[in-house]
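# A closer look at the structure
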Amino acid sequence: MSMSLTGCGNIIPGPIPFFPTDLTGLVTWFDATDNATLITGSGAASSWSDKSGTINPITIGSFAFEPTLTTINSKQALLFDGANDSLAISQSPISSFTEMSCFVVFQNVSAFTGTPIFGIGTFGQLVMAIETSGVQLILDGATMNGTANTSTPHYFAATRNTSQIAALRIDGVQVATGSLGGATVAVGINNTCAGGDLNSGWFCNARIGEIILYNRQLTGPEITDVETYLSGKWSI
């Protein structure tokens, strides 16, 4: 908590900073600005730790697959080359779900439909992706698209409730909604991957700054809290 002093000597509390850990249900949090979560060398990253503490660090399969250090609006991020760069682990933060909320900060370099930014489980169970005209949520094998300028930085949010209604949001604005996926989404194989999907062999050519996943649909005010945090931090 920050504090400020008035001229008459009274102490007035300042705003309390928000962090993703302030909300219940956090199961994944990757933050490229936090050097303590990265193992780097020669300008590239070989490991990225989950700040929620749910899963072990995601790592490379070989040296050739390392994403390089870059920036998004002057904040440190990771650049994935679209050919083979990825960070992954044979572990999933959840085995199945009926609801969820996921947030990703990214900047596209080049994309084709269904290029994965982040995913868990079997390909198509939960994937946050870039497509040629914007963003895409792949959930339980079904897709939902939202239009966005793909050359500029964005924070991209996807939510789903227990009634199977999903919504896509870009930079705080809802761009798509509708029924998506089965009643319960079984994640399938244990897998968490940033920058691509090892099961499909698809990889993204994009900068990724932050990934946040909750195992429930956040309320409207909670979504605003996370989006305000991301907007202020990444100057989007």
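For clarity, every value in this text was computed on a predicted model and none was experimentally measured.

### Re helix 1 (residues 220-234)
Owing to its 3.6 residues per turn, the α-helix brings residues three or four apart onto one side. Along its 15 residues, helix 1 runs 21 Å from first to last C-alpha, staying within 8% of the 21 Å computed at 1.5 Å per residue. Every buried residue belonging to helix 1 is among E222, I223, V226, E227, Y229, L230, K233 and W234, and all of these are buried. For helix 1, the buried positions fall inside an angular range of 150 degrees around the axis, keeping them on one side. Residues of helix 1 that are exposed and angled more than 90 degrees away from the buried face: P221, T228 and G232. Positive backbone phi, at 55 degrees, marks S235, one or two positions downstream of helix 1.

### Re the nonpolar core
In this structure, W48 and L137 are the most contacted members of the largest nonpolar core, which totals 44 residues. Grouped together as the second largest cluster of nonpolar side chains are 18 residues, L23, W29, A157 and V226 included.

### Notes on the pattern of salt bridges
Taken as a whole and assessed by the stated rule, the structure comprises 6 salt bridges. Two residues, R169 and E227, come together in a salt bridge whose shortest N-O distance is 2.8 Å. With a gap of 58 residues between them, R169 in strand 17 (residues 165-170) and E227 in helix 1 connect regions that are remote in the sequence. Residue class for R169 comes out buried when judged on its relative accessible area of 17%. Between K233 and E210 there is a salt bridge, and its shortest N-O distance comes to 3.0 Å. With K233 in helix 1 and E210 in strand 23 (residues 205-214), the pair connects residues that are 23 residues apart, well separated along the chain. Note on accessibility: K233 and E210 belong to one class, buried. If you follow the salt bridges from partner to partner, you end up with D31, D34, K51, E210 and K233 in one network.

Conventions used here
- Residues numbered from 1 in each chain as written.
- Predicted model: local features only at pLDDT ≥ 70, side-chain atom pairs only at ≥ 80, totals over all residues.
- Heavy atoms only, no water.
- Helix = DSSP H or I, 4+ residues; strand = E, 2+ residues; numbered from the N terminus.
- Expected span 1.5 Å × (residues − 1).
- Buried < 20%, exposed > 50% of the residue type's maximum accessible area, 1.4 Å probe, protein only.
- Arc of directions from axis to C-beta.
- Core = buried A, V, L, I, M, F, W, Y, C linked by side-chain atoms within 4.5 Å.
- Salt bridge = Lys/Arg side-chain N within 4 Å of Asp/Glu carboxyl O.

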